[in-house]
Amino acid sequence: MPVRMGSRAPEFTLPGTGGRDYSLSEYRGGPVVLVFYPGDNTPVCTEQLNQYTADIEKFAEVGAQVLAISPQSVKSHEGFSCAQGGFGFPLLADEDKAVGQAYGIIGPAGFYRRSTFVVDAAGIIRYAHRSIGSMTFKPSDELVTAVREAS
């Protein structure tokens, strides 16, 4: 059953850019914005992650850590990040899609659905959005508002 607003966010530890592993639990005590995106170097994903990077100060103002997750490898993420001049947050590699499965964001064809979750300081999901079409993403201001409301 996919996670819902008000449920505990599934814990995970994934390798990511910056040469280290990232665990959801290490951010407990502050809000986290989880951004699940279908793929590196794709037009909409590139636009989305660049937009969130441009607005990283808005996320910082509400104390939110952004973590972007997709099924590509860390090597792919590092190349993507480098080609874009870097992102304001780490890219995490969910190569076996286990985290995507836990959050219920795997579509019928086995691909990630563009999805966003806000996890509060206690580890509870306070905002959940799973896209049906992969061409749109939630604007930074909507996510920042969701973080503010969750705090």
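S.K.: Before we go on, may I ask you to explain the overall build of the chain in this structure?
M.R.: Helices and strands together make up the secondary structure of the chain, namely five helices and seven strands. For 151 residues, the compact-globule formula gives about 15 Å, and the C-alpha radius of gyration of the chain, at 14 Å, lands near that figure. For the chain, the C-alpha atoms occupy an extent of roughly 35 × 35 × 30 Å along the three principal directions. Residue burial in the chain is summarised as follows: out of 151 residues, 49% are buried. Across the chain, contacts joining residues at least 24 apart in sequence account for 65% of those joining residues at least 6 apart.

S.K.: I'm lost on unusual backbone geometry in this one. Help?
M.R.: Glycine aside, a negative phi is what most residues show, and trans is what most peptide bonds show. The phi angle at Asn 41 is positive, at roughly 60 degrees, despite the residue not being glycine. Relative to the elements of secondary structure, Asn 41 occurs in the loop between β3 (32-36) and α1 (43-54).

S.K.: Just to check I follow, could you spell out the nonpolar core for this structure?
M.R.: Side chains of a nonpolar character, in soluble globular proteins, are inclined to be buried together. Counting 24 residues, the largest nonpolar core has Val 33, Leu 49, Phe 59, Phe 89 and Leu 91 as its most contacted members. Aside from chain neighbours lying at most four places away, what touches Val 33 is Phe 59, Ala 64, Gln 65, Val 66, Leu 67, Thr 116, Phe 117, Val 118, Leu 143 and Val 147. Among the nonpolar cores identified, the runner-up in size contains 20 residues, and Val 3, Tyr 22, Tyr 27 and Val 32 belong to it.

S.K.: Is there a simple way to explain the packing of aromatic side chains in this structure?
M.R.: One pair of aromatic rings is described through two measures. These are the centre distance and the angle between the planes. Evaluation of the coordinates by the stated rule reveals 10 aromatic pairs. Where Phe 80 meets Phe 87, the ring centres are 5.1 Å apart and the plane angle is 55 degrees; that geometry is what we call tilted. Comparing Phe 80 with Phe 87 shows no difference in burial state: the two are buried. Counting every residue linked through ring pairs, the aromatic cluster contains Phe 12, Phe 36, Tyr 103, Tyr 112 and Phe 117.

Criteria and cut-off values
- Residues numbered from 1 in each chain as written.
- Predicted model: local features only at pLDDT ≥ 70, side-chain atom pairs only at ≥ 80, totals over all residues.
- Heavy atoms only, no water.
- Helix = DSSP H or I, 4+ residues; strand = E, 2+ residues; numbered from the N terminus.
- Rg over C-alpha atoms; globule rule 2.2 N^0.38 Å.
- Buried < 20%, exposed > 50% of the residue type's maximum accessible area, 1.4 Å probe, protein only.
- Contact = heavy atoms within 4.5 Å.
- Core = buried A, V, L, I, M, F, W, Y, C linked by side-chain atoms within 4.5 Å.
- Phe/Tyr/Trp six-rings, centres within 6.5 Å; stacked < 30°, edge-to-face > 60°.

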